[in-house]
Amino acid sequence: LAVVECVGALAELHPAAFIAKLIPRLKKEMFTEHMDQDNNREASEQQSLQAVRQRCMSALAAMSTQPGVVQESTPVLLEVLSSAHTGSVGFSVEEVVAACHSLQRIAEQVQDTEETGRCFHDVIIPRLLSLALQAALQGEGSSGCRSPLLEEVVLSAMVPVISTSCSRLQPTLAGQTALKAVSLFLDGDVSFLPDNSFPSHIGLLKKQQGDSWSQSQMVCLLMGCVCSLPRSVEVPQMDQLLSQLEEMSCTCSHPLSYTSAAKCFAGLVNKRAQGDSLDSLIQSTMKRVCSELDSASSSLRIQAFTHMIWVAKALLLRYHPLFTALTDKLFSLLDDADLGPMAADGFSLLMSDSPDVLNRGCHADVRIMYRQRFFSENSAKLVQGFNAAPQEKKPNYLKALSNIVNKLPKQVQVTELPALLSLLLEALSCPDRGVQLSTLSCLEPVLVDPPPALIQQLEALVGRLLPLTSSPSMNVRIASLRCIHAVSLFPVHEVLPFRARVLRALARPLDDKKRLVRIEAVQARAEW
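As the structure is a computational prediction, the values presented were derived from the model and not from experiment. (Residues numbered from 1 in each chain as written. Predicted model: local features only at pLDDT ≥ 70, side-chain atom pairs only at ≥ 80, totals over all residues. Heavy atoms only, no water.)

Engineer: I'd like to hear about the overall build of the protein, residue by residue, with values.
Structural biologist: Helix and strand counts for the protein come out as 27 helices and 0 strands. Projected onto its principal axes, the C-alpha positions of the protein cover 80 × 55 × 45 Å. Across the 528 residues that make up the protein, the buried fraction comes to 55%. Carbon and sulfur atoms form 53% of the exposed surface of the protein, whose accessible area is close to 23,100 Å². (Helix = DSSP H or I, 4+ residues; strand = E, 2+ residues; numbered from the N terminus. Buried < 20%, exposed > 50% of the residue type's maximum accessible area, 1.4 Å probe, protein only. Areas by Shrake-Rupley, 256 points an atom, 1.4 Å probe, with all protein chains shown as cover.)

Dropping the structure here:
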C-alpha cells in the first residue's frame, strides 16, 4: 500500500518516467500467465497471482492523475476487460471488477481537461459499451461458457465508470456521449462503437423474443450515462426514452433489467423541469402501476412495486407535490399479504442514499432535510395504520417505522422518539432480528439522556430488553446489553427496584461464547 501511495505522489512529478518505465512493467506482470495451466495448480499460487494483478491495477489508478499518464494507463485496463471477454488471458471475475474500480478511481481523481474528457468520452465509454454489447449478443454461447462481462457484479462495476465520467468531465462531451448512448438503445445505432461488427437490428429496450436478459440488463449502462449528466445538459428523445423504460420496468422478468430501468426512469423524472408534462407523466405511470398492484393475480406486481418505489424516491428528493399519492399507496401495501414485507423494506430505500443514481454526485435534485420532512408528514399515518392493522400485519408497520427512524439524524431521533415510544417498545418484541437491531440502535442514544416519558415506561423497557440478551444474533445481544448498561444511569430511585432482576439476567451473557458479548455484559453488570 505504501508503494502504491508513493507511485501516486511521484507520478505527478515525473510523468514521463512512469509512462516509459512503470506502465509497460505493470502491463507485463498483469498479462503474464503461469505456463502450467492444469487444474491441479496450487490454489495459493493462483491467489498470489490474483493479488499481484489487483495491486498492479491499483498502482495504475494511483499514478493516473495527469492527462498524459491517463492516455497510457487506461488502455491497459481496457485490455484486461477485452482479454477477459475473449478468454485470451484467464482473468477472473474479481480481476475484471478490480479493473473497473481502477477506471472509476481514475475518472474521480483526474484533472478535468479537454484531453482527459476526450479520452473518457471518445475512447473508454464507447469501448465499455462495445465490449458489453459483444458479450450480450454472444449470450451463453454454444459451449455453455459465458463471458465474465455478462455477470451482474461486472456490469454494476462498469456503471460508476460511466456515471463518474459523465457527471465530472466536460459537460458538452458528456452531452454527446448521452446522445450516442440514447441512439444506441432506442434506434440500435452502433456507428460510434469501436470494432463495429454488430448486426443492424439491435433493439436493446425493445421487448425481445425469448428470454434475452443478456441484452436487456445493459440498460444499467444507459442509466450510468443519462442519469449523471449535469441538469444543464439536455437528454435527447426524452419522451420516447421514458416510455420505453417504463415498458421494460413494468414487463421485464429479469431483476437487474427491470430494477435498472426503474432507476433510470426515476433519475430522469427527478431532473425533469416542473410543469404539466411532468405531472401527466407521473399520473399515467401511477395509473399503470396501481392497476398492476391492485390485481392480486398479476405476475408483474414485484416489477410494478419496484418501479413505484424508485419513482417515489425521485419525487421525495425534490419535494414534488404528487409524492404523497405514492406514499399513501405504499402505506396501503403494508397490509398486503405478498408485498407487505417488501413495502416495509421500501421505506429504507426511500430514506437512504443511493450510490449509483439519485444522489448529489449525479447532479440529482436533492432538497435539504428531506428525511425529516418525510418523517414529520408520515409518522402519524404509521401509528394510525399500526393501531388499525390486524395482529399478523403489525410487524410490517414496525419494520417500516424502524427503517425510517434509523435513517434520521441522531438529534432528530432524540426529540421525536418519545411520541413513538410505545411502538418502539412493541418493535423490540417483533420476531424479525433486523427490526430488533435497528430499534435498539435508535433507542441507545435516547437512553443517554432519557425523556420523562421513557422513565415512566421503565417496566416495559426492561422487560423487553432482558430477553434480547440471549438472542441468537450476536449483534442483537451486544446492542441490548449496551441499552441495559445505559438504563443503569437513570435516576437511582427509578432503577433500584429492577437491580436484582437485571443482575440475575446478566449472569448468562457473562458466560457467552462470544468475547465481544462478554465484554459488554461485564461492563453492564458492573454498573448495575
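Once the structure has been displayed, the description carries forward.
Engineer: I'd love a proper account of the environment of Leu 408, names of residues and values included.
Structural biologist: Looking at the element boundaries, Leu 408 is found in the loop between helix H18 (394-406) and helix H19 (410-416). Separated by 125 residues in sequence, Leu 408 and Gln 283 place their C-alpha atoms 29 Å apart. When near neighbours in sequence (up to four residues on either side) are disregarded, Leu 408 contacts Met 351, Arg 371, Gln 372, Phe 375 and Gln 413. (Contact = heavy atoms within 4.5 Å.)

Engineer: Pulling in residues and values, what's your account of the confidence of the model for the protein?
Structural biologist: Of the residues in the protein, 96% reach a pLDDT of 70 or more, and the chain-wide mean stands at 89. Model confidence for the protein, summarised as mean pLDDT per element, is weakest for H19 at 80 and strongest for helix H27 (residues 515-527) at 96. (pLDDT = per-residue confidence, 0-100.)

Engineer: I'd love a proper account of helix H23 (residues 458-468), names of residues and values included.
Structural biologist: Of all the residues in H23, the buried ones are Leu 458, Leu 461, Val 462, Leu 465, Leu 466 and Leu 468. End-on, the buried residues of H23 take up no more than an arc of 155°, which puts them together on one face. The secondary structure elements touched by the buried residues of H23 are helix H20 (421-428), helix H21 (433-448), helix H22 (452-456), helix H24 (474-487), helix H25 (492-495) and helix H26 (499-505). (Arc of directions from axis to C-beta.)

Engineer: Tell me about the side chain of Ser 488, and please be specific about residues and values.
Structural biologist: With respect to the helices and strands, Ser 488 occurs in the loop between H24 and H25. The exposure class assigned to Ser 488 is buried, which follows from its relative accessible area of 14%. There is a polar contact of 2.5 Å between the side chain of Ser 488 and the backbone oxygen of His 485. Discounting chain neighbours no more than four positions away, the residues touching Ser 488 are Val 495, Glu 527 and Trp 528. (Polar contact = N/O pair within 3.5 Å; in protein donor to acceptor, adjacent residues only side chain to side chain.)

Engineer: For helix H16 (residues 340-351), give the residues involved together with the corresponding values.
Structural biologist: For H16, built from 12 residues, the straight-helix expectation of 16 Å at 1.5 Å per residue is met to within 8% by its first-to-last C-alpha distance of 18 Å. When H16 is considered as a whole, its buried residues turn out to be Gly 340, Ala 343, Ala 344, Gly 346, Phe 347, Ser 348, Leu 350 and Met 351. In the core, the buried residues of H16 are packed alongside helix H14 (301-317), helix H15 (323-333), helix H17 (370-388) and H18. (Expected span 1.5 Å × (residues − 1).)

Engineer: Give me the lowdown on the domain arrangement of the protein, citing residues and values where you can.
Structural biologist: Taken domain by domain, the protein holds domain 1 (237-408) and domain 2 (409-527). Domain 1 and domain 2 are separated by 33 Å when their C-alpha centres are compared. Each partner contributes residues to the interface: domain 1 has 13 residues there, and domain 2 has 18 residues. Together domain 1 and domain 2 conceal approximately 1,500 Å² of surface at their shared face, both sides included; 76% is due to carbon and sulfur atoms. Inspection of the domain 1/domain 2 interface yields 1 salt bridge. (Domains from an automatic or database assignment. Buried area = accessible area lost by both parts, 1.4 Å probe. Salt bridge = Lys/Arg side-chain N within 4 Å of Asp/Glu carboxyl O.)

Engineer: Quick rundown of unusual backbone geometry? Include the residues and the values.
Structural biologist: Positive phi, normally seen in glycine, also occurs at Tyr 319, with a value near 60°. With respect to the element layout, Tyr 319 can be found in the loop between H14 and H15. Of note, Met 369 is a non-glycine position whose phi angle comes to about 55°, a positive value. Mapping Met 369 onto the fold places it in the loop between H16 and H17.

Engineer: Kindly report on the state of the cysteines, identifying the contributing residues and their values.
Structural biologist: Scanning the entire structure with this criterion turns up 0 disulfides. Cysteine Cys 119 is unpaired, with the sulfur of Cys 166 as its nearest cysteine sulfur at 14 Å. (Disulfide = S-S within 2.5 Å.)

Engineer: With reference to specific residues and values, describe the pattern of salt bridges.
Structural biologist: When the charged atoms of two side chains lie near each other, side chains of opposite charge can form a pair. Applying the stated rule across the entire model yields 24 salt bridges. Ionic pairing is found between Arg 25 and Glu 29, a salt bridge with its closest N-O pair at 2.9 Å. Taken together, the residues span about one helical turn, with Arg 25 and Glu 29 both in helix H2 (residues 15-31) at a distance of 4 residues. Classification of Glu 29 as partly exposed rests on a relative accessible area of 31%.

Engineer: Which residues make up the environment of Leu 423, and what values do they have?
Structural biologist: Within the secondary structure, Leu 423 sits in helix H20. When near neighbours in sequence (up to four residues on either side) are disregarded, Leu 423 contacts Val 383, Phe 386, Leu 398 and Leu 401.

Engineer: Describe the side chain of Gln 104, listing the residues and the values that go with them.
Structural biologist: Relative to the helices and strands, Gln 104 is located in helix H5 (residues 93-109). Note on Gln 104: relative accessible area 18%, which makes it buried. Excluding its chain neighbours within four sequence positions, the residues that come into contact with Gln 104 are Pro 160, Val 161 and Thr 164.

Engineer: Describe the environment of Ile 519, with residues and values.
Structural biologist: Its location among the elements puts Ile 519 in helix H27. In sequence terms Ile 519 and Ile 478 are 41 residues apart; their C-alpha atoms lie 9.1 Å from each other.

Engineer: Could you give an account of the packing of aromatic side chains, with specific residues and numbers?
Structural biologist: Per the counting criterion, the structure on display carries 4 aromatic pairs. Note on Phe 31 and Phe 91: the rings are 5.4 Å apart at their centroids and 85° apart in plane angle, and the pair reads as edge-to-face. Within this pair, whereas Phe 31 is found in helix H2, its partner Phe 91 is found in the loop between helix H4 (67-86) and H5, the two being separated by 60 residues in sequence. This pair shows no difference in class: Phe 31 is buried, exactly as Phe 91 is. A centroid spacing of 5.3 Å and a plane angle of 45° characterise the contact between Phe 331 and Phe 347, whose relative ring orientation is tilted. Placement of the pair is Phe 331 in helix H15 and Phe 347 in helix H16, with a sequence separation of 16 residues. Given a relative accessible area of 9%, Phe 331 falls into the buried group. Here a set of aromatic residues connected by ring pairs shows up, and it is made of Phe 323, Phe 331, Phe 347 and Phe 374. One cation-aromatic arrangement involves Arg 373 over Tyr 319; the distance from NZ or CZ to the ring centre is 3.9 Å. One residue, Lys 394, lies across the ring of Phe 386, its end atom 4.4 Å from the ring centre. (Phe/Tyr/Trp six-rings, centres within 6.5 Å; stacked < 30°, edge-to-face > 60°. Lys NZ or Arg CZ within 6 Å of the ring centre and 35° of its normal.)

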